[in-house]
Amino acid sequence: MPKVDVLNINGQKVEELELSESIFAAEISEYAVYEVIKNHLANRRQGTQSAKTRAEVRGGGRKPWRQKGTGRARQGSTRSPQWIGGGVVFAPKPRDYSYSVNKKVRRLALKSVLTTKVNEGNLIVLDALEMNAPKTKDFIAMLSAVNAGKKALVVTAENSPNVVKSGRNIPGVDITFVNTLNVYDIMRHDSLIITKEAVRKTEEVYA
């Protein structure tokens, strides 16, 4: 079983924690990670892009000049695609880009990125993360004490308003919860800071 040090908010080691092999020492699948991130980004697309075809633009009903004898190319409408103000060929229309990925693939991808963070030494486990009031200064001090990277993802077991308010204005720092944890967020952050309680909940939910 992989083991990691458990730190307090001052960066001091308080104990050692054994992690579940099925979650934090799983076989890494780059293909699963790629598929899940691609799916995540596709599902975020609004799909509201739209342009008009030549049938939808206004005007162009009259032939601009006679068919023959002018020396110019024949034209039937000033709203043809080659004209300024004309319609767009194969114009994009609003569409839904979202699709689903198999649940087993999503879980394999999550286990893969969590294992990667452990192997790289970028998984930081805290014994607890509690704040009596929103204090951004205290949150920054915690990040510095545990040697977090410039981009850090903080994971708690449950929603803690004071923790969220303390860290939400810090550039490069995001806060999430076990039930909203996703592969994309883990991959785009340097450090994964997770509470001991959140580790146990993650092992229960994603086992």
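Preceding this paragraph is the structure being described.
Please read all numbers here as calculations on a predicted model, not as lab measurements. (Residues numbered from 1 in each chain as written. Predicted model: local features only at pLDDT ≥ 70, side-chain atom pairs only at ≥ 80, totals over all residues. Heavy atoms only, no water.)

**Student:** I'm lost on the packing of aromatic side chains in this one. Help?
**Tutor:** The geometry of an aromatic ring pair is captured by two quantities: the separation of the ring centres and the angle between the planes. Enumeration according to the criterion identifies 1 aromatic pair in this entry. Judged by centre distance (5.9 Å) and plane angle (40°), the ring pair of Trp65 and Trp83 falls under tilted. Taken together, the residues Trp65 in the loop between α2 (30-44) and α3 (103-120) and Trp83 in the loop between α2 and α3 connect sequence positions 18 residues apart. You can call Trp65 buried: its relative accessible area is 18%. The ring of Tyr97 carries the charged tip of Arg45 above its face, separated from the ring centre by 3.6 Å. One Lys or Arg, Arg72, reaches over the ring of Trp65 and ends 3.9 Å from the middle of that ring. (Phe/Tyr/Trp six-rings, centres within 6.5 Å; stacked < 30°, edge-to-face > 60°. Helix = DSSP H or I, 4+ residues; strand = E, 2+ residues; numbered from the N terminus. Buried < 20%, exposed > 50% of the residue type's maximum accessible area, 1.4 Å probe, protein only. Lys NZ or Arg CZ within 6 Å of the ring centre and 35° of its normal.)

**Student:** Can you walk me through α3 in this structure?
**Tutor:** For the α-helix, the turn length of 3.6 residues means that residues three or four positions removed from each other point alike. For α3, built from 18 residues, the straight-helix expectation of 26 Å at 1.5 Å per residue is met to within 8% by its first-to-last C-alpha distance of 26 Å. Turning to α3, its buried residues are Ala109, Leu110, Lys111, Ser112, Val113, Leu114, Thr115, Lys117 and Val118. Lining the buried residues of α3 we find α1 (21-24), α2, β3 (123-126), α6 (183-187), β6 (191-195) and α7 (196-205). Where α3 starts, the residue carrying a side-chain oxygen 2.8 Å from the main-chain nitrogen of Lys104 turns out to be Asn102. Where α3 terminates, the next one or two residues include Gly121, which has phi positive at roughly 75°. (Expected span 1.5 Å × (residues − 1). Contact = heavy atoms within 4.5 Å. Polar contact = N/O pair within 3.5 Å; in protein donor to acceptor, adjacent residues only side chain to side chain.)

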